[in-house]
Every structure is written in structure tokens, then in C-alpha cells.
Amino acid sequence: MTVDAGTQQERVTGRVWTVRLDPYGRPSTGTVRLSCSRPACPDQRFTDGAAAARKAAVAHVNLHLAHIRAGGGPRGEAWCACRAADCAWHTPDPAVGARGSTRPTAESGTARCGGPVALTVYADRTGRLWRIAEMCARCAATIADCRVLDTAVPPARAIPAGADQPATTPAATTGDGVAAVFSDHHPSPATSASPTPAATRVPYARTTSPGNTPRRARKWGKIAQRIVPHDLEPDILRLELIDLGDAFRAYQQRTEPDLALLAELHERKARAFRLWADVSGDGSLRHEAQRAEKAAQTTREMHANRGGQPAGATADDAGPVVERLLTRQQAVHARAVLDYAQAHAPHPEAEAHLAVLMLTLRAARAGVGNITGQDLTGWLQDDAERVLQQLVDTDWLRLPGTVAEVMASRPENPVAATVPTLLPDQPRPFTFGKTTRARISGWAQKTVGDRKLRKKKAGAATRLLALYTAAHTRPGGHLGHPEDGGLHLDKAAAFCALPVEQVGEHVELLVAADWLAEVDISEGRLHGHLTERVLPLGGLL
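Note that this is a predicted model, so its numbers are computed, not measured. (Residues numbered from 1 in each chain as written. Predicted model: local features only at pLDDT ≥ 70, side-chain atom pairs only at ≥ 80, totals over all residues. Heavy atoms only, no water.)

Student: Got a minute to help me understand the sheet that holds strand β16 (residues 516-522) in this structure?
Tutor: For sheets, the rule is that strands pair by backbone hydrogen bonds, running either parallel or antiparallel. Spatial ordering of the open sheet is given by β15-β17-β16, a layout of three strands whose pairing is antiparallel. The open sheet terminates on both sides in strands that have one partner only, identified here as β15 (487-488) and β16. Strand direction decides the pairing type here: β16 and strand β17 (residues 525-530), joined by five bridges, are antiparallel. Counted as the bridge partner of Leu516 is Leu530 from β17. Across the sheet, helix α15 (residues 460-471) touches β15, β16 and β17, and the angle it forms with β17 is around 80°. (Pairing = 2+ DSSP bridges. Helix = DSSP H or I, 4+ residues; strand = E, 2+ residues; numbered from the N terminus. Contact = heavy atoms within 4.5 Å. Axes fitted to C-alpha atoms, helices over the stretch in contact; angles between N-to-C directions.)

As C-alpha cells, this is what we get:
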């Protein structure tokens with residue numbers, strides 16, 4: 001950070017306050033100590049858990065911020081506190097070294113502090129350290145997880161001793177409150193403290209040439225908690241970053257989401273941050289660009305799923321706009337679970353296939369899932385106890401008690417059932433997270449428990465066929481891929497544990513339950529589409 005020689009002695013080091021949470025005493029006590037770098041703040045100890053200590057630490061940080069703002073906020077004449085710490089607060093990047101380091105490196109050259117003094121707060125991701133500091137805008141932009149709360153007005157430049165000092169004139173005050181003098185105005189008695197005849201007749205001489213006159217302050221802005229450097233080149237990149245920051249903030253104020261617009265903003269951000277990384281050598285900007293690319297892709301998929309008409313859809317896929325229960329990627333995972341249940345069912349009957357599928361969804365993440373007697377009777381009606389005993393006898397399922405105890409369990413006291421092949425010490429058959437597992441399990445539960453299927457007293461095979469048809473639909477609800485022209489009867493029959501010739505009977509039951517419409521079975525394929533009432537359950541192919 002460069003300053004005039006005449007004002008250098010007036011600069012003071014930026015203020016820093018730190019608030020920390022550390023374990024205190026023996027680990028078994030769970031005591032957490034809150035300490036503050038301000039001498040007047042005594043340590044505090046919390047015995048009721050880290051959450052209470054973290055809440056108190058955040059309140060302590062907010063109290064400090066309130067006192068700082070009440071005292072005038074960040075000081076424009078302060079030195080960068082990060083530079084005073086040798087810029088050690090910057091997050092190191094293995095490709096380019098420490099970002100913003102004041103030492104030259106072979107890759108990045110010399111980076112300097114710059115920009116106005118900002119009041120910043122930093123909170124590490126583990127929730128154990130908070131730091132409030134006065135630092136320059138450039139250092140604030142290079143520190144990950146650092147937020148700028150306020151920016152100081154730059155101090156007025158001092159005029160060297162002996163130079164002619166012009167008086168102020170009317171309407172000559174800039175937005176920063178610094179008086180400016182225009183050469184076509186003469187001081188008047190109203191604006192001069194001690195006017196003299198000479199002062200009213202002779203204009204003031206310029207102390208600098210027009211070429212050395214400072215340019216008007218350039219527009220500045222923020223994006224992704226980073227201050228856009230005022231001297232960033234090319235200028236078109238600087239303006240694009242500022243405009244993007246304004247656009248993201250405007251989007252956050254919208255009352256209704258627009259996923260197409262949000263995806264476009266993420267794409268623009270990815271391009272801009274990639275160029276910013278190229279011109280600055282900052283590896284974290286390239287990482288931010290990659291995150292923006294993934295966000296744009298995810299947002300486009302959300303828009304396609306909720307809009308019901310993804311890019312590249314054919315005319316056969318046209319259908320009503322619905323909000324589906326599963327996204328396209330979640331539907332891919334759902335089909336993987338269906339294939340796994342078919343391949344690992346220990347008994348070749350529809351009831352066993354259905355029980356294996358539903359129990360696999362409950363235990364997919366950790367190998368253990370909660371079940372109740374009400375769950376089992378809802379899936380299998382009167383066959384629940386018999387099928388559960390079969391799974392236990394083959395060691396596919398392990399229970400902490402007897403089958404009778406499981407059947408008597410209630411929702412307020414579920415039983416933890418273990419599927420040994422899904423335990424963490426076994427090869428993981430699925431890659432989805434807990435949120436996706438819950439969505440797929442909810443989707444299967446809604447399908448199997450459909451009210452019209454219950455009303456028609458549909459058996460396990462019919463419910464399995466309902467699951468299979470819902471999982472293999474196009475956006476418009478039509479069955480199968482466009483190039484396949486329907487579902488293969490042999491594959492559907494194998495999943496439902498039925499002979500191929502009996503699939504038609506269960507298709508008729510689905511038509512009667514208002515699940516399928518315009519059904520046709522020919523040349524070993526099942527054609528048709530889901531009805532409008534169950535279209536949200538369709539998993540996009």
C-alpha cells in the first residue's frame with residue numbers, strides 16, 4: 001500500500017481482534033473455552049456443548065463490530081493489518097504459492113497491497129476462529145471466507161509544505177467530501193477566510209500539469225465476497241465482474257426464482273473468473289470458476305426437471321409441465337437401486353423382490369435402516385411376516401430381536417434392521433448421498449403406497465411393475481427410450497418376478513388404477529404412458 005511521504009508517518013497499523021474456541025480441561029468433560037484478544041474481555045467457559053459456545057462467540061464478534069462502527073468504522077489512514085502479519089493470512093495455493101505475498105516468486109512476481117482500507121471479518125469453516133481486521137481491499141479479496149463489512153473513505157492527499165494552497169469555491173466539493181478547485185473560478189469573500197485584493201485579481205497557479213492530475217475514481221464493486229480491484233485490466237473484465245456482482249444481488253431480491261436466468265449468471269461468472277485467474281495468477285479464482293460451471297450445470301438440470309421439457313427433447317416427449325419428485329440424476333440412482341434389488345433378492349418371488357428393494361433403500365447409506373410393522377404390512381399386506389422370516393433365514397437381513405417383535409413395533413419405536421451386504425466394510429454399491437437416498441426412498445414409498453393401487457388391492461408384482469414403469473419414462477410420461485419404442489417385456493417380467501405371459505394381466509390392473517394409459521403390448525414391448533395424476537412420480541430417462 002503506497003502513501004505520500006508527507007503522510008507516511010501518520011499511518012497506523014490496522015486493528016485486529018480475534019475470538020477463538022478451544023477445548024478446555026479433560027476431553028471427557030466437553031468444556032469449551034471462548035477467548036478474545038481484547039485484554040478487557042475475560043475468557044468464558046461453556047460446559048453445555050460446542051453449539052452454545054459457537055453461538056456466544058458469534059454474539060461476541062457482533063458486539064465488537066457494533067463498537068467499531070459506533071466509533072467511526074474502519075480508519076482510512078490505517079496500514080493493512082494483513083501486511084503487518086507478512087500477509088500470512090492468505091490461503092496458500094500449491095500452483096502459485098501464497099496469494100498476495102509481498103515476496104516475489106518465480107511464478108507470480110511481486111504482489112502489493114492496494115485499495116481502500118476495509119473492515120473485514122473472517123470465520124474459519126470449522127467454527128473455531130473469528131478475526132476482525134482493518135486491511136486493504138486487495139488482501140481481503142485474496143483471503144478465502146473473508147467478508148468485507150465496510151470500506152473507509154480514502155484520506156485526503158497532503159499538499160507539500162511551501163506549495164500554493166488554493167481556496168475552496170462554491171459547488172466544488174467531491175463525493176468524498178474533499179474540496180476541489182476549478183481554474184475558472186476566483187475565491188470570493190464568502191469562501192475565503194482572509195480575502196485580499198491580490199487574491200481576487202490573480203488566479204492561482206497550477207501546482208501540477210494537467211497530465212499529472214489524478215483521474216476520477218473508477219467504479220468499484222464486489223462479487224462472491226471479493227472486491228474487484230480498481231486497477232484490474234482489461235477494463236472490460238473489471239466492468240463485467242462489477243455488473244455480475246450487481247446482477248447476483250438483484251437476483252437475490254427476486255420474489256420468484258428464475259432458474260434459466262440463474263444458470264446464465266453462473267455461466268458468465270465462470271467465464272469471467274477464468275479470465276480473472278489468467279490475468280492475476282490467482283489459483284483460487286480458477287477454483288471459483290469451476291464451482292460456477294458446476295452450479296450452472298446443476299441449475300440447468302433443475303430447470304429442465306421442474307420445467308418438464310429438457311434440452312434435446314423430442315416431439316414425443318411433449319407433456320404437461322410438472323414438478324417431479326426426482327431429478328434426472330436421482331432417477332439414474334433410483335434405477336441402479338432397482339437393478340441391485342433384482343440381482344440380490346434371495347428368493348425368486350415378487351414379495352421378496354419388493355421387500356428387498358424397500359429395505360435396501362432404507363439401509364443404502366450405512367447398512368442399517370429403521371423399519372416398523374406398519375411399514376412391512378403396507379408393502380406386503382398379509383405376507384409381511386412370512387417374507388421377513390425368509391430374509392432373516394437366508395442371512396440377507398439381521399434383526400436385533402424376533403420377527404414378531406418387528407411386526408409389533410410402532411413408528412415411535414422403530415427397529416434398526418441390518419443388511420450385511422450394505423455395511424461400510426463391504427464394497428459400496430451406491431454412490432449417492434443421504435439427501436438423494438431420502439428422495440429415492442420417498443419416491444418408492446409414494447409409488448408402492450399409491451391410494452388407487454391400495455384401493456384395487458394390488459399385489460407385490462403389480463406394485464413392482466408400477467415402480468418399473470415410473471422409473472423408465474421420458475419427460476412426457478411415455479415408457480422407454482425414444483429409440484427403443486417402449487419397455488422390454490422380458491426385462492419388466494424379470495424385475496417383477498413374473499413369467500412374460502403374465503405381465504399383461506398386471507398391466508391391465510395398472511390401467512384400471514389410472515396408472516397407465518394408451519397401453520399396447522406388441523413385439524415383446526410394452527407401449528403407453530403414465531397418466532397425468534402420477535406423472536410427478538416419473539423418473540426421467
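Still more to cover.
Student: Please explain the environment of Pro74 as it appears in this structure.
Tutor: As for its position among the elements, Pro74 is in the loop between α1 (50-70) and β5 (78-79). Judged by relative accessible area, Pro74 falls into the buried class, the value being 8%. When the C-alpha atoms of Pro74 and Ala118 are compared, they prove to be 6.2 Å apart, with 44 residues separating the residues in sequence. Those residues within four positions of Pro74 in sequence are excluded, and the remaining contacts are Arg15, Val117, Ala118, Leu119, Glu134, Asp150, Thr151 and Ala152. (Buried < 20%, exposed > 50% of the residue type's maximum accessible area, 1.4 Å probe, protein only.)

Student: Mind showing me how you'd approach the confidence of the model for the chain here?
Tutor: Looking at the chain, the pLDDT average stands at 79 and 78% of residues meet or exceed 70. Across residues 1-9 the pLDDT falls below 50, and counting only partners more than four positions away or on other chains, this stretch makes 16 contacts in the model. (pLDDT = per-residue confidence, 0-100.)

Student: Can you help me understand the nonpolar core in this one?
Tutor: Nonpolar side chains in soluble globular proteins tend to end up buried together. Residues Leu397, Trp443 and Trp515 are the most contacted members of the largest nonpolar core, which totals 70 residues. Leaving out residues up to four positions away in the same chain, Trp443 has contacts with Leu325, Leu326, Ala334, Leu338, Leu467, Ala470, Ala471 and Leu537. Ranked by size, the runner-up nonpolar core spans 19 residues in total, among them Cys80, Ala81, Trp89 and Cys139. (Core = buried A, V, L, I, M, F, W, Y, C linked by side-chain atoms within 4.5 Å.)

Student: Explain the sheet that holds strand β10 (residues 146-151) to me, please; I cannot follow it from the model alone.
Tutor: In space, the six strands of this open sheet follow the order β4-β3-β2-β9-β8-β10, with antiparallel pairing throughout. At either margin of the open sheet sits one strand with a lone partner, and together these are β4 (44-46) and β10. The mean angle between the axes of side-by-side strands here comes to 20°, regardless of whether they run parallel or antiparallel. Relative to strand β3 (residues 31-36), strand β2 (residues 16-24) is paired through six bridges, and the arrangement is antiparallel. Bridging from a neighbouring strand, Arg20 pairs with Ser35 of β3.

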